[in-house]
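So the chains spell out like this:
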Amino acid sequence: MITPAFDLSQDANYLILSIRVPYTRTSEFDLFIDGTDFKFYAEPYFLRLTLPGRIVEDGREKAKFDIDKGLFTLRVPKETAGEHFEGLQMLTSLLAPKGSRSAKPLVEDLSAGDDEEDDEEEFDWQVEQEMYMESSEEELRALQKYGFGNQRSGVFARLQEELSDVIDIMNPEGTTAAERRQARLEAEAASFSPDHYLADLFEDDEVKGLLKFRPWWTKLSPSTEQEGEAAVSFTDDEKEQLRKFTNRSYLLDKTSRHHAWLSLVDVLLAYSYEMRSTEGEHNVESPWTIRKLSGTLCWLETYSSLQEVLVSFARRVLCYPLYRHFALVSAAIRDTTKIFQSGKACVLKCLLDIHKVFRENDPAYILNDLYVTDYCIWIQRVKSKKVTAFAAMLQKASLQKKDLELELEELEDAATMVVEEEEEGDKEQGASRSAAISRGDSSGASSDSSCSSSGSSDESEESEAEGQVCTESNQGGGGGGETSKDNPLQPQPTSAASPIPQEPTSTVSSAERKVDALPSASEDTRQLIQELGERVVEELKISQDSSYKAGRDRSQLSTAEAKTGATSGKSSGGTFLELSPRRNPLLIVHTQDDPDDSDFIS
């Protein structure tokens with residue numbers, strides 16, 4: 001028989017059943033209604049449901065069949081009008097046969113038919129074989145328990161190749177719960193990276209974007225059927241998966257139930273973080289992220305308090321994933337609280353999503369067998385008030401950075417001090433650089449101004465000095481050597497009485513007469529030439545020491561040596577000139593033969 005796809009809904013007076021039975025005959029429908037028991041048969045389909053409330057067959061029932069869609073719709077009246085049937089979306093629990101709610105476990109026939117086709121992949125017939133020895137009850141008791149409700153053992157004994165890809169503990173069968181926890185804490189401490197944590201703390205642009213994301217459960221509207229819960233709808237694939245689950249009963253004592261609730265919170269916290277970090281779009285890293293952030297799935301951890309769950313989850317968020325920020329931990333806790341507040345249908349939908357993520361990843365599917373499938377079946381039978389009560393407890397829980405024992409506060413304080421010092425240093429460097437630039441600009445401007453004024457003064461001084469040379473030549477006859485120094489190639493008359501060549505005394509007076517005779521010469525021009533002459537007199541210093549030895553031939557003194565001596569101002573003895581190193585742009589040239597026609601100013 002084939003179990004058909006079906007869906008249940010209700011109003012105040014009727015239970016509505018929608019059953020999809022394509023390719024069947026409309027004349028072969030059989031119905032059986034008796035209180036909480038409902039049976040439907042249409043070859044080759046058979047459906048048996050155990051309902052959460054009682055229905056009656058009193059003639060008010062109505063049936064409709066859509067041939068095109070192959071959809072059979074049945075409206076059956078409730079025995080008590082206005083009664084709310086709880087858990088109509090929990091399809092797996094509805095498929096349970098009558099009386100199966102007892103503690104007696106079900107027996108499943110897993111035998112396969114003899115006519116199954118061989119696998120398409122070629123099998124290695126030469127593989128080494130080992131005889132499998134069934135473990136005795138004493139040996140099984142010695143093995144450590146894990147899985148949903150700590151009811152499984154010996155699973156990884158035959159899955160050594162997949163072990164490292166699924167969990168982080170190497171020997172789960174022989175490791176106690178205390179040893180697993182100690183190993184987990186040590187691995188987390190070794191994996192914690194202060195640099196990565198601080199980088200996400202101070203460069204948190206991407207984290208801020210993730211914090212703005214709203215998962216699908218935050219957009220749910222309140223349920224019209226169940227007060228205090230959200231209206232959750234399941235996709236066809238999710239409904240199909242619920243029908244595929246084999247209904248089971250679980251023998252859980254009080255301690256095991258407590259552990260099961262805490263492990264469920266741990267798994268949903270990891271799922272909430274993964275949904276936010278990927279903004280609701282699963283990727284190839286999603287199985288790893290969910291598994292790695294859950295101590296239950298990764299280390300087969302067994303928690304004894306809600307605070308232990310929160311601390312373990314927060315530590316793993318700050319050690320392993322791409323985004324390691326404490327704000328994401330707080331956001332995941334709020335998201336998980338919202339999931340529980342929305343009711344067990346929302347919890348079931350999240351578990352089905354996790355089941356799909358693991359189902360499509362090899363070998364993460366093993367975690368479905370150990371935990372997720374059992375949670376999907378178990379949560380359907382849990383009372384809604386327990387889910388909401390656990391949500392209230394989770395909402396009151398608090399978590400601080402100091403609880404993680406990773407020295408986060410000290411690390412942040414030290415990093416903040418370093419950042420502040422760097423900012424102060426940058427400000428000081430900026431101020432110094434600005435001040436230096438300002439000083440450079442002002443000094444450059446003053447230098448340009450001084451250079452301009454200095455250049456003007458130099459030119460004025462040099463012009464005045466040249467004029468004074470001419471005046472001295474006219475007055476004393478001994479200053480004409482300056483003209484010779486500035487023009488070393490010009491032939492000059494010599495005198496035996498003085499080692500310095502002299503010009504006739506009429507040179508300066510002739511130049512002055514010539515200047516006066518120029519039509520463009522003004523009073524200012526004549527005054528400027530006189531001032532230049534006076535300044536040159538002040539700068540020329542003639543030492544009175546005897547200058548040259550008596551036997552030295554004056555003709556051997558070249559014009560270049562005379563210029564060198566005058567420029568350096570140094571001599572072993574005798575009379576010498578100390579001239580200003582500036583070059584005079586104003587030069588008065590006089591020709592001895594015809595002073596009136598050849599005097600000019602250049």
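Under the annotation held in an unreviewed UniProt entry, the chain carries the name Protein SHQ1 homolog and is attributed to Seriola lalandi dorsalis. On record in UniProt, under Sequence similarities (unreviewed entry), the comment for the chain is "Belongs to the SHQ1 family."

A.B. asks: When you look at the side chain of Thr289 in this model, what are you seeing that I'm missing?
C.D. replies: For Thr289, the location among the structural elements is in helix 9 (residues 286–293). The exposure class assigned to Thr289 is buried, which follows from its relative accessible area of 10%. Setting aside its immediate chain neighbours within four residues, Thr289 contacts Tyr273 and Glu274.

A.B. asks: Is there a simple way to think about the packing of aromatic side chains in this case?
C.D. replies: Going through the model one piece at a time under the given rule, you end up with 14 aromatic pairs. Both rings, one in Trp216 and one in Trp217, keep their centres 5.4 Å apart while their planes meet at 80 degrees; by these two values the pair is edge-to-face. Note on Trp216: relative accessible area 23%, which makes it partly exposed. For Trp217, a relative accessible area of 0% puts it in the buried group. Centroid distance Trp261 to Trp378: 5.2 Å. Interplanar angle 70 degrees. Geometry classified as edge-to-face.

A.B. asks: Help me out: how do you make sense of the sheet that holds strand 6 (residues 71–77) in this one?
C.D. replies: What links the strands of a sheet is backbone hydrogen bonding, and the strands pair in either a parallel or an antiparallel sense. Pairing in this open sheet of four strands is antiparallel, and the strands run 1-2-6-5 from one edge to the other. With one partner strand each, in any of the chains shown, strand 1 (5–10) and strand 5 (62–66) form the two edges of the open sheet. With strand direction ignored, the average angle separating the axes of adjacent strands in the sheet is 15 degrees. When strand 5 meets strand 6, the two strands line up antiparallel, connected through five bridges. By the bridge assignment, Lys64 is partnered in strand 6 with Thr73.

Conventions we followed
- Residues numbered from 1 in each chain as written.
- Predicted model: local features only at pLDDT ≥ 70, side-chain atom pairs only at ≥ 80, totals over all residues.
- Heavy atoms only, no water.
- UniProt positions renumbered as here; feature names shortened; annotations may be inferred.
- Helix = DSSP H or I, 4+ residues; strand = E, 2+ residues; numbered from the N terminus.
- Buried < 20%, exposed > 50% of the residue type's maximum accessible area, 1.4 Å probe, protein only.
- Contact = heavy atoms within 4.5 Å.
- Phe/Tyr/Trp six-rings, centres within 6.5 Å; stacked < 30°, edge-to-face > 60°.
- Pairing = 2+ DSSP bridges.
- Axes fitted to C-alpha atoms, helices over the stretch in contact; angles between N-to-C directions.

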